[in-house]
Every structure is written in structure tokens, then in C-alpha cells.
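Coordinate inspection notes
The chain contents come next:
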Amino acid sequence: MGRRKKKFPDNYILMTVEELEQEFQAELTKRQKRRIEIIDKCFECFCENGLERSGSDTLARYCNTSSANLFNNYFDTKDEMVIVCTARGMQMVENDFMERAPKSADEIEKFILEMPYITAELHGKKYRFMYQVYSSPRYLEEGKKFFNGVTERYTEYAKLLAPQLGIPWETVQGLIFIFVRACVHYAMFENEEYLKSQQKILIGMIHAIKQNPDLALSAIAAENA
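Predicted, not measured: the structure shown is a model, and the values here were computed from it.

Turning our attention to the environment of Glu48. Position of Glu48 among the secondary structure elements: in helix α1 (residues 17-49). We classify Glu48 as partly exposed; its relative accessible area is 39%. Among residues more than four places away in sequence, those in contact with Glu48 are Arg53, Tyr62 and Lys125.

Counting residues in hydrophobic clusters, the biggest one holds 59 residues, and the most contacted among them are Cys42, Phe46 and Phe97. Contributions of two or more residues to this core are made by α1, α2 (56-63), α4 (78-100), α5 (108-134), α6 (140-165), α7 (169-189) and α8 (192-211). In terms of residues, this core owes the most to one element, α7, which gives eleven residues. If we skip the residues at most four places from it in the chain, Phe46 touches Leu51, Ser54, Leu59, Lys78, Met81, Val82, Cys85 and Phe129.

The next subject is the side chain of Gln173. Within the secondary structure, Gln173 is located in helix α7. At a separation of 2.7 Å, a polar atom in the side chain of Gln173 contacts the side chain of Thr155.

Criteria and cut-off values
- Residues numbered from 1 in each chain as written.
- Predicted model: local features only at pLDDT ≥ 70, side-chain atom pairs only at ≥ 80, totals over all residues.
- Heavy atoms only, no water.
- Helix = DSSP H or I, 4+ residues; strand = E, 2+ residues; numbered from the N terminus.
- Buried < 20%, exposed > 50% of the residue type's maximum accessible area, 1.4 Å probe, protein only.
- Contact = heavy atoms within 4.5 Å.
- Core = buried A, V, L, I, M, F, W, Y, C linked by side-chain atoms within 4.5 Å.
- Polar contact = N/O pair within 3.5 Å; in protein donor to acceptor, adjacent residues only side chain to side chain.

What follows is the structure in C-alpha cells.
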């Protein structure tokens, strides 16, 4: 990607080394912030229009700049832009999910009932675009890398929640994966029947675990045998 050369301030001869470095760092921070703004605007454009209808001019219009500036100063290619924007978009969506995730066993049922609708309202367009990207052979390897990281994050969360439920973290991990899939599917397609059936099963399992953990675990072990 093209990089701007450091521009000396007009009064640089009168400045100390420390003052010059502060000036350069401030300029660097300003460029970094602008790059994040550009990435977010490009991501917005992709989500609204899809890959096929997000040409260079359309992307530049969303960013309030020129297409030449986009590819001279921020991205080498459109492929790089797609990869960077999708990774940041997915990270922001996953951050939102984890911030809302229950911190105690008493909050789980409410979360199961409400979160799919929140996800659809806030992130439906984002998920449709992101899965368009990561399911494409062109970007599949990038998708695998990203989802490996997501798996690790959900696994750590399962390990934190498991002691409150009194069941192995591997079981909690499986429940999380089922629920996340339900949220994503509903956000993308808003299929109420598909969602309700999974919510019913998940809530039933949570109730069974709370009432009789040993019996619930035995049933799960038998199912997996």
C-alpha cells in the first residue's frame, strides 16, 4: 500500500527533536484515525450495495474522497480493501455480541430470547455481506483464519460460564455455537420457525441443567456416544 512521506512542519528548524517526534506522532495518529474512518465507510458501502455494486467511484463517494486517493493512500487493491473491511466489520459485530453476552446463569434465558432480534436489527446487512465474502473461494482462507479466532474467543467465554452452570465447558461451548448459528441465520434470513425451534431446545436444555445437572449431563453424554 502506498505510504505518505513524513512532511516536516514549516518551523521545523526551530523545533527540538522531541517536539518534532510529537508532531510526527500526532500526524500519524491523525492518519490512522482517517484510515479507520475510510475502512468503516467502505464497509458501510459494501453492506448497503454488495460486492458487485460497490465500484471504485461508489466507494469513494461514501468516503467523501476520490478513488485515486483510496488506492494510492489506503489500499493497494480492492481485494485488500474487502479483506480489511470484512475483518473489521466481523470484529465489531463479535465485540457487540460479547458485550451483551450474559455474565451469569440467570441472564441466559433472556439473552437467548432477545439477542437474535437485536442481531438482526443491528447487523443483518453486515452478516449478509460478510458471509458473501467469507464463503467465496476468493476469500475463503481469510474466512478460516478469522473464524479460528472467533472459536478461541467463544471457547474462553465457555470456560468462564461453565462453573456457574456446573457443567463442563465443552458442553457450554457446544450450546454457544448452536446459539450463535441461530442468531446469524435469523439475522441473514429472518426465518422465525428456524429460530423458534432452536430457542426452544436451548432453553429446555438450560432448564434441565439447572434442575438436574447430573441427569442432563448423562443425556448429553448418551447423545454424543
